[in-house]
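# Observations on the model geometry
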Amino acid sequence: MAHSASSAPDTRLSSTGWVAFALLLLWAIALRAHDFGNPIIHVDEQYYLLVGDRMLHGAVPYVDLWDRKPVGLFLIFAAIRLLPGDGILAYQLVATLFAAATAWLVARGGRMLGARPAAALMAGAAYILWLSLLSGRGGQSPVFYNLFTGGAAVLTLRLPVLAEARATRAIVLNGAAACLLAGLAIQTKYTPVVEGAFFGAAHLWYLHRAGATLRLCVGAALLWMLLGILPTGLVVAEYWRRGPAVFDAFWFSNFASVSLRKGYPAAKIAARLAGTGAQLLPFIICTVIALRQRPMAPERWIAFGWLAAALIAFAMIGAFFDHYALPLMLPLAMIAAPVLDRHRAAPVALIGYGLILFVARVLLPPTDASSARAVAQVMKANDRGGCPYVFAGDSVLYLLADACIPTRYAFPSTLAYDAERGASGADEVAELDRILATRPPVIVTMDEPMAPWNPATHSIMTATLARSYRQALTVPREDAHLLVYLRRDLPLRR
């Protein structure tokens, strides 16, 4: 038989049960504790937290605060914001739980691909470690939706056994759960639609192999498609219910604006791919080894098909930031598990390689957390009841300073950086003029941008700061500095 007992699901406590989860959770805490309380781990998750916070105060995503991510992601952060504290530590702890739970699924998937418990657990540990190497050490969206995708994948890996048993009803129910999980992932970020389509197609193929009638196959496919689009369909219906203006803002932000973004230079894309490829090198080697191993069990074909779908999703947007590779870590780590089992030195080499990168990329660089809190303190002390404005820098400063936001384009890159010029639906110059006309008491910018400036808005900001503001604070931010400017007619409060 192509699938033997070694490839069947293993639910023993030692491999994928509570003991394994506890070990993975402790490992996740150990790796991620360095950043607990750091408000500026990554610019993206700062904004997710800010939007989630303001949703609890009545803000409507895309109408009051603009972005392209699905509302499901902001709902996760809004729910987290209900926990005690300012939300910083809370979202990081919740993200750590998600990371450990997803690693548990990696270990379970590794067992289903034939790895023994220790190697499967090592693959799960590697998944957690590589999250931190690919800008996922905080609350990037894949840290959350990988749990949904991983659950769908583990369910899909059950298909060969179910088909052999001709368990058509079980396959239909299995597919319903997998597609609903994929739908939740899609409502956290849209790119998992490719993986969700693959999971649905795999279920349809194995349902046919199990001897289902054409009528059952068609009915099951329709059910699975409905469940896959259900979460997003509910969101679309809610925005439609709120009226044409609200729906148009939602539709443009989610589905139209992405095609308006400017591309990145080929050299920058090549550099990003080279950097990501270097970090993923051990998993690429494991994948090549796994591809050469024969015989190829059906579960492994499913895993490679899933990896192909994840690669398509990775390439869809074309920006190739390192965190876009985080969804690849799920199939790569599962596929690596049996290879780690067969080569004694492989686990040590894998984790050793990752830890070297972890020290160099995570532990040694400064966090700049104190810089953000110092800037927020100046913003809060000097707002005089007005809204400070973060032109370039960190959107979480609004949250830390408990400040109002003077624009729906609160993610700084939208108005400040060239990549978003003409892509948000805003007239950037007109919007910046409107903000500056309110005479913000404090303006935050950077001396060196994180991406090329939008020349039109940057020139307006430079002239305004020179004419009407004075510099009140300078703090380090990565390889540049955050600059805090106070309106000239206002005395500085500490």
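Residues numbered from 1 in each chain as written. Predicted model: local features only at pLDDT ≥ 70, side-chain atom pairs only at ≥ 80, totals over all residues. Heavy atoms only, no water.

### Remarks on the overall build of the chain
- The helix and strand inventory of the chain stands at 22 helices and four strands.
- Its C-alpha atoms give the chain a radius of gyration of 24 Å, near enough to 23 Å, the size a compact globule of 494 residues would have.
- If one aligns the C-alpha atoms of the chain with their principal axes, the spans along those axes are about 80 × 50 × 45 Å.
- Expressed as a percentage of its 494 residues, the buried residues of the chain come to 59%.
- A fraction of 76% describes how many contacts in the chain between residues 6 or more apart in sequence connect residues 24 or more apart.
- Within the structure as shown, the chain displays about 20100 Å² of accessible surface, and the carbon and sulfur contribution to it stands at 67%.
- Here the chain holds 42 positive side-chain charges and 30 negative ones, and the gap between their average locations is 7 Å. (Helix = DSSP H or I, 4+ residues; strand = E, 2+ residues; numbered from the N terminus. Rg over C-alpha atoms; globule rule 2.2 N^0.38 Å. Buried < 20%, exposed > 50% of the residue type's maximum accessible area, 1.4 Å probe, protein only. Contact = heavy atoms within 4.5 Å. Areas by Shrake-Rupley, 256 points an atom, 1.4 Å probe, with all protein chains shown as cover. Lys, Arg positive; Asp, Glu negative; His and termini not counted. Charge placed at Lys NZ, Arg CZ, Asp CG, Glu CD.)

### Thoughts on empty space enclosed by the protein
- Enumeration over the complete set of coordinates arrives at two cavities of 30 Å³ or more.
- Size it by volume and the largest cavity reaches roughly 100 Å³.
- If you trace the largest cavity, you find 13 residues lining it, with Thr 191, Ala 313, Phe 314, Tyr 324 and Pro 327 closest to the centre.
- For the lining of the largest cavity, the secondary-structure elements that each account for two or more residues are α7 (141-156) and α15 (298-316).
- Top contributing element to the lining of the largest cavity by residue count: α15, with three residues.
- Its residues assigned to classes, the lining of the largest cavity shows nine nonpolar, two polar and two charged.
- By volume, the second largest cavity amounts to about 50 Å³.
- Around the second largest cavity sit Leu 113, Ala 290, Gln 293, Arg 300, Ala 303, Phe 304, Ile 335, Pro 338 and Arg 342, which together line it.
- Of all the secondary structure elements, the ones that give two or more residues to the lining of the second largest cavity are α15 and α16 (329-342).
- Split by residue class, the lining of the second largest cavity holds six nonpolar, one polar and two charged. (1 Å grid on protein atoms, 1.4 Å probe; cavity = no way out; pocket = protein on both sides within 12 Å on 5 of 7 lines; lining within 4 Å. Points joined across faces, edges and corners; volume = space filled by probe spheres on them. Nonpolar A, V, L, I, M, F, W, Y, C, P; charged D, E, K, R; others polar.)

### Quick word on the confidence of the model for the chain
- Per-residue confidence for the chain gives a mean pLDDT of 94, with 97% of residues at or over 70.
- Note on residues 1-15: pLDDT under 50 across the span, and 35 contacts to partners over four residues away in sequence or across chains. (pLDDT = per-residue confidence, 0-100.)

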